[in-house]
Amino acid sequence: MIDRSFPTLRRTVTAFGLTLALALPASATEYRLGLITPPSHIWTQAAQAFATDLSERTSGADTVTVFPASQLGNEAQMMQQLQTGALDMAFLTLAEVSNRAPDFGAFYAPYLADDIAHAGRILRSEAAHGMLDQLPQTTGVVGVAYGMAGLRQIVSRGAVASAADLSGLKIRITPFTPILDFYNLVGAAPTPMPLPEVYDALANGQVDAIDMDAELIVALRFYDHAQTIVQSDHMMFPMVGLVSGRVWAGLSEDERAMIGDLMAQHVDGTIDTYVEMDPQWLETLRGVDVDYVETDASFFGDVVGQWDAIWSERSPSLPAIRAAADSLR
Ligand code: BEZ
């Protein structure tokens, strides 16, 4: 059971009026959950399933309205809303959290995970889960569990046969520092850009290449504007289920246990989905009409070691996460 303390507000809607009073228990709580992914995305489906389960578990007393596709703003804005209690819950990239709590940069060590199943085991490790305990203090949010998307790949408008071909390219990245450092070390020109802007930017040449996972390369057809897909598997991409610290503090112990455990179940469940589906999406991409280059850490030369040198200064948990990754091989 999850118990992460903090202060809070909570929107309690008292049922009044004859019809509502008959239909609902004496009081009901309406939560709002935000995320940036499109409605069909696995994270959004997990959020919807969590909403359904919570409503069923409470006989309709607690409801969660899911706002996908950045309807409530980008991740930085949603993080702020969580901190003030304006937003109750969110499924965010751990990337956004790492912008405020750099210790989480540990998860972006290049080639920390050998493959998608290994990434899942790392995220389910005690070392990883222990790190969530720092979130209420450092960021004002409660992290209930990790989910994930697939490993990161590169889609390029031009030919890419070696890392030298990435030199000077404008490569779209999710806006966070560990990936910015990675592509700077590669010699590229990393260009931070939120997910909703990526398709047009690649299509119109505003960027030369993008850093992306297989699910979205397939679902959003990023290959339509590409000459090369580099399956580099260079980084994992965790998600985290968050509750506003203010909201959390207003919940009873029982409510925390119920909401926390239910959300954790759905967030964690995304790991199983990606472990199953990521190889299938990659297989689909092997079949599309672009050059397909499969690489490993050797493609990036000493960049991996250089990244580690920078981030061992910034993330005190990096050695523990590396040790967990080693023990889970
Ligand atoms: C991205 O920024 O690339 C991204 C964000 C959320 C889910 C998957 C990918």
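Residues numbered from 1 in each chain as written. Predicted model: local features only at pLDDT ≥ 70, side-chain atom pairs only at ≥ 80, totals over all residues. Heavy atoms only, no water.

In this section: the sheet that holds strand β8 (residues 189–192). With respect to topology, six strands assemble into an open sheet ordered β8-β7-β9-β6-β10-β12, the strand pairing being mixed. Where the open sheet ends on each side, the last strands, each with one partner, are β8 and β12 (291–294). Taking each pair of neighbouring strands and ignoring which way they run, the sheet shows an average axis angle of 25°. Bridge count between strand β7 (residues 170–173) and β8: four bridges; the pairing is parallel. Considered in β8, the bridge of Ile 171 is made with Pro 190. Each of β6 (152–156), β10 (228–231) and β12 is contacted by helix α12 (residues 253–286), which is oriented at about 135° to β12, the strand it contacts most. (Pairing = 2+ DSSP bridges. Helix = DSSP H or I, 4+ residues; strand = E, 2+ residues; numbered from the N terminus. Axes fitted to C-alpha atoms, helices over the stretch in contact; angles between N-to-C directions. Contact = heavy atoms within 4.5 Å.)

Residues of helix α3 (residues 75–84) that are buried include every one of Glu 75, Met 78, Met 79 and Leu 82, and no others. Each buried residue of α3 lies within a common arc of 105° when the element is viewed along its axis, so the set occupies one face. If you check the start of α3, you find a side-chain oxygen 3.1 Å away from the backbone N of Ala 76, and it comes from Asn 74. Backbone geometry just downstream of α3 places Gly 85 in the positive-phi region, at approximately 90°. (Buried < 20%, exposed > 50% of the residue type's maximum accessible area, 1.4 Å probe, protein only. Arc of directions from axis to C-beta. Polar contact = N/O pair within 3.5 Å; in protein donor to acceptor, adjacent residues only side chain to side chain.)

Glancing now at the site of the ligand. Around the ligand sit Ile 36, Thr 37, Trp 43, Thr 93, Arg 152, Arg 172, Thr 174, Leu 195, Met 212, Asp 213, Leu 216 and Phe 237, and those are all the residues in its vicinity. Arg 172 has a polar side-chain atom sitting 2.8 Å from an oxygen atom of the ligand. Between Thr 174 and the ligand, the recorded distance is 2.8 Å, taken from a side-chain N or O atom to an oxygen atom. In the complex, the protein chains occlude 99% of the 270 Å² of accessible area that the ligand would expose alone. Each of domain 1 (7–149 + 238–279) and domain 2 (152–235 + 280–311) gives at least three residues to the shell around the ligand. (Near = heavy atom within 4 Å. Areas by Shrake-Rupley, 256 points an atom, 1.4 Å probe, with all protein chains shown as cover. Domains from an automatic or database assignment.)

The next subject is the side chain of Thr 37. Relative to the helices and strands, Thr 37 is located in the loop between β2 (27–34) and α2 (42–57). Of note is the side chain of Thr 37, whose polar atom sits 2.8 Å from the side chain of Thr 44.

In this section: the pattern of salt bridges. If you walk through the whole model with that rule in mind, you get 13 salt bridges. Its salt-bridge partner being Asp 213, residue Arg 152 comes within 3.6 Å of it at the nearest N-O pair. With Arg 152 in strand β6 and Asp 213 in strand β9 (residues 209–213), this residue pair connects regions lying 61 residues apart in the sequence. Here Arg 152 falls in the buried class, since its relative accessible area comes to 2%. Owing to a relative accessible area of 2%, Asp 213 belongs among the buried residues under this scheme. Here Arg 329 and Asp 326 are joined by a salt bridge, their closest N and O atoms 2.4 Å apart. Among the charged side chains, a network of salt bridges with common partners joins Asp 114, Asp 326 and Arg 329. (Salt bridge = Lys/Arg side-chain N within 4 Å of Asp/Glu carboxyl O.)

For α12, with 34 residues, the first-to-last C-alpha span of 49 Å sits near the 50 Å given by 1.5 Å per residue. The sharpest bend along α12 reaches about 35° and sits at Met 277, with the proline Pro 279 one to four residues further on. (Expected span 1.5 Å × (residues − 1). Bend = angle between axes of the 7 residues up to and from the residue.)

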